[in-house]
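# Reading the structure
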Protein chains: 4
Amino acid sequence: MTETADYPEPRPPAGWLTKPDLDRVRAEVPMVYVDAIPVRVNPLGTVTAVGLLLRSGEDDTLSRALVSGRVRHGESVRDALLRLLETDLGTMAFPQLPASLAPITIGEYLPDGSSSLHDPRQHAVSLVYLVPVLGDCQPANEVLSIDWLSPAQATSDEVAAEMVFGQAELVRRVVRLLGS
Amino acid sequence: MTETADYPEPRPPAGWLTKPDLDRVRAEVPMVYVDAIPVRVNPLGTVTAVGLLLRSGEDDTLSRALVSGRVRHGESVRDALLRLLETDLGTMAFPQLPASLAPITIGEYLPDGSSSLHDPRQHAVSLVYLVPVLGDCQPANEVLSIDWLSPAQATSDEVAAEMVFGQAELVRRVVRLLGS
Amino acid sequence: MTETADYPEPRPPAGWLTKPDLDRVRAEVPMVYVDAIPVRVNPLGTVTAVGLLLRSGEDDTLSRALVSGRVRHGESVRDALLRLLETDLGTMAFPQLPASLAPITIGEYLPDGSSSLHDPRQHAVSLVYLVPVLGDCQPANEVLSIDWLSPAQATSDEVAAEMVFGQAELVRRVVRLLGS
Amino acid sequence: MTETADYPEPRPPAGWLTKPDLDRVRAEVPMVYVDAIPVRVNPLGTVTAVGLLLRSGEDDTLSRALVSGRVRHGESVRDALLRLLETDLGTMAFPQLPASLAPITIGEYLPDGSSSLHDPRQHAVSLVYLVPVLGDCQPANEVLSIDWLSPAQATSDEVAAEMVFGQAELVRRVVRLLGS
């Protein structure tokens, strides 16, 4: 039972939902998500490594994932991005959030598996950002480790097979766009 | 009473919500929206006119608006864009939907008026697209007229004052980006 | 001898260069180029086919290429794009030039083969655009045929091996960004 | 005589041009340029200040400018960006070069004043980037000072009137795109 509500208490703070409410809403409307691809860059801005999270899934299998989560009611996209990055990478990662919120691509996750991105819990539309991190990343909360892969490794078939929700599609779109 | 549910019947089709359900959900999570800015272009691709909708508001005042609406559960962003464009501009507009779904900017509408974009009904995050239309636009449904303004007029203070939800902000961002 | 000057006459029009002058300038500064990837789209804007040119090269081998060429002195990027599209696809192609000139990516062609894009003639920096064409494309001038490939074919290893100047890199970046 | 060659010596290094050669080439082909808009951002990525250079012009008047310059033959766009940023802001600025080289917009400078961007010396096509700087900026070489203006100031009519080459157009396009 790793699927949890935002907040398990009877009276959640504004913007948070209890697990039953979240489950119900997920069947009614698409959820607004952000997906962040953490990267290391050199002084010329060239991406040298892509950070993928290793997580323990519901059935104790390991899987790789992006920094990903929903935007809450009343929360700005920037606030959601920073909150999710700090939750997964710790507070010393110094992520460089984008100056322009125009995402590099969007992800459409459908629950029925009809698309390359799929999430059995919900229909979600995610804004995808590349986020250089300058500081020290420490796996936090449910993250077991953060693995820094070369761009070639991160877009390989082997890594794609380990990623949840078809997120390899997003990594490939974005990392390949950067060129070689 | 111009605020209507997606579908007034007791058993709406998949992805549609009754008015009470829509009102409830709007207080729980941000809604996924698309905003389309219809434009006329010349053979070089230069924008020659920006199409703004004239609508009759709840209190019978007239206001200008973009083609805008929510993405429904299970509906793709492309399907939502085409549905909304056909609803407002008619079926002969021949909108040229973008080949890449990366939006040109995003809009964050908050209900409390703390941002330049605001919507008293909800918190919405919109994907904003510029959509050239090649065909004949006929105001459909609740649209009284479609006015084609020059880029300079469309970004003027006069027109901004007539636009709902602070959408002038989006028109200005996008149209000015195109240059002169 | 397929390498020709813009204009072979002693007194070329403004912006054109004789072959010796063009050769000299190419060794002195990077050239401004535009690369256009012609595509067919369906009413939802989804790319259904990618158009690649089949050309006869200097040594009579066949090769595939993008619509590509230099921007001349005093010529706008939009004028250069339209001129090159008409030169290769004919005048009935009805290319839909982008409303925003921000390119989807850039290409850096170096003469020495140190990069994935290379052009033995010159150092060129190209602005890369995706250009939907609505009309009838007829191979014109030095183009033998225009082949419309599925996005999967256009990004395959087989097609990549047939493309000049490493341009497969650009097709892959752009077409994969569009998602599946 | 502030108009100088890249390198005044008889035998410049590769990619550099003597003043007479540069003048000649400028009349023959468009030049590849990069324009960087240095900005300060807060931890959420929001731009808090825009850095404009104060320069002493040819006739001893003061003017404001972007970090701007040409890409040399054989030089990558990333190398040119970093070289120009270090030339104008010093070596302790720690500019965060973009991970994706797709520019936020392009600038077309024409010598004849027919466009909002104009440069009497040449026809140039510039790739425009927003570059957050994290470190200490010290005016270097011909820069008298680096002034950090609020986004509202940087896009004001007063500042626009002080900028060279119509570059206010580029500041406005980019900074306004970021939203408020």
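Placed above this text is the structure.
Residues numbered from 1 in each chain as written. Chains lettered and ligands numbered in written order. Predicted model: local features only at pLDDT ≥ 70, side-chain atom pairs only at ≥ 80, totals over all residues. Heavy atoms only, no water.

## Brief notes about the overall build of chain A
Along chain A, the regular secondary structure elements total 5 helices and 7 strands. Ordered by position in the sequence, the α and β elements of chain A form the string α-β-β-β-β-α-β-β-β-α-α-α. Against the globule reference of 16 Å for 180 residues, chain A gives a C-alpha radius of gyration of 16 Å, in line with a compact fold. Counting only C-alpha atoms, chain A reaches 50 × 35 × 30 Å along its principal axes. In chain A, buried positions account for 56% of the 180 residues. For chain A, the proportion of contacts with a sequence separation of at least 24, taken over those separated by at least 6, is 64%. As displayed, chain A offers around 7300 Å² of accessible surface, 53% of which is attributable to carbon and sulfur atoms. Here chain A holds 15 positive side-chain charges and 24 negative ones, and the gap between their average locations is 4 Å. (Helix = DSSP H or I, 4+ residues; strand = E, 2+ residues; numbered from the N terminus. Rg over C-alpha atoms; globule rule 2.2 N^0.38 Å. Buried < 20%, exposed > 50% of the residue type's maximum accessible area, 1.4 Å probe, protein only. Contact = heavy atoms within 4.5 Å. Areas by Shrake-Rupley, 256 points an atom, 1.4 Å probe, with all protein chains shown as cover. Lys, Arg positive; Asp, Glu negative; His and termini not counted. Charge placed at Lys NZ, Arg CZ, Asp CG, Glu CD.)

## Points about the interface of chain A and chain B
With 33 residues of chain A in contact, the opposing surface of chain B contributes 33 residues. Carbon and sulfur atoms make up 68% of the surface buried where chain A meets chain B, a total of about 2300 Å² over both sides. Run the count over chain A and chain B and you get 2 salt bridges. Between A:E28 and B:R24 there is a salt bridge whose closest N-O contact spans 2.8 Å. Our enumeration of links across chain A and chain B arrives at 8 residue pairs in polar contact (both at pLDDT 80 or more). Within the residue set of the side of chain A that touches chain B, elements represented by two or more residues are α1 (19–26), β1 (31–41), β5 (105–109) and β6 (124–132) of chain A. The dominant element in the side of chain A that touches chain B, judged by the number of residues it contributes, is α1(A), at 4 residues. A breakdown of the residues in the side of chain A that touches chain B according to their chemical character gives 19 nonpolar, 6 polar and 8 charged. (Buried area = accessible area lost by both parts, 1.4 Å probe. Salt bridge = Lys/Arg side-chain N within 4 Å of Asp/Glu carboxyl O. Polar contact = N/O pair within 3.5 Å; in protein donor to acceptor, adjacent residues only side chain to side chain. Nonpolar A, V, L, I, M, F, W, Y, C, P; charged D, E, K, R; others polar.)

## Looking at unusual backbone geometry
All names here are of chain A. Notably, N141 is not glycine yet its phi reads approximately 55°, a positive angle. By the element assignment, N141 lies in the loop between β6 and β7 (143–149). With a relative accessible area of 64%, N141 lands in the exposed category. Despite not being glycine, F165 has its phi angle at roughly 60°, a positive value. Counting through the fold element by element, F165 comes out in the loop between α4 (157–162) and α5 (168–177). A relative accessible area of 25% places F165 in the partly exposed class.

## Overview of the interface of chain C and chain A
Contact residues are listed per partner, giving 9 residues for chain C and 9 residues for chain A. For the chain C and chain A pair, buried surface summed over both sides reaches about 780 Å², with 52% attributable to carbon and sulfur atoms. The tally of links between chain C and chain A comes to 0 salt bridges. The interface formed by chain C and chain A includes 0 residue pairs in polar contact (both at pLDDT 80 or more). The biggest single contributor to the side of chain C that touches chain A is helix α5 (residues 168–177) of chain C, with 4 residues. When grouped by side-chain class, the residues that make up the side of chain C that touches chain A number 2 nonpolar, 4 polar and 3 charged.

## Thoughts on the relation of the copies chain C and chain A
With an RMSD of 0.0 Å, the fit of chain C onto chain A corresponds to turning through 180° and sliding 0.0 Å along the axis. Taken together, the rotation angle and the small translation identify this as a two-fold axis. In terms of C-alpha distance to the rotation axis, chain C has C:L177 as its closest residue, with the C-alpha 3.4 Å off the axis. When you check the interface residues of chain C against chain A, 100% turn up at the interface there too, and the contact is symmetric in its surfaces. (Least-squares fit on C-alpha atoms with pLDDT ≥ 70 in both.)

## Here we look at helix α5 (residues 168–177) of chain B
Residue and element names in this part refer to chain B. With 8 of 10 residues buried, α5 is to be regarded as a mostly interior element. Within α5 the residues assigned to the buried category are A168, E169, L170, V171, R173, V174, V175 and L177. Of the residues flanking the end of α5, it is G179, one or two places downstream, whose phi is positive at about 85°.

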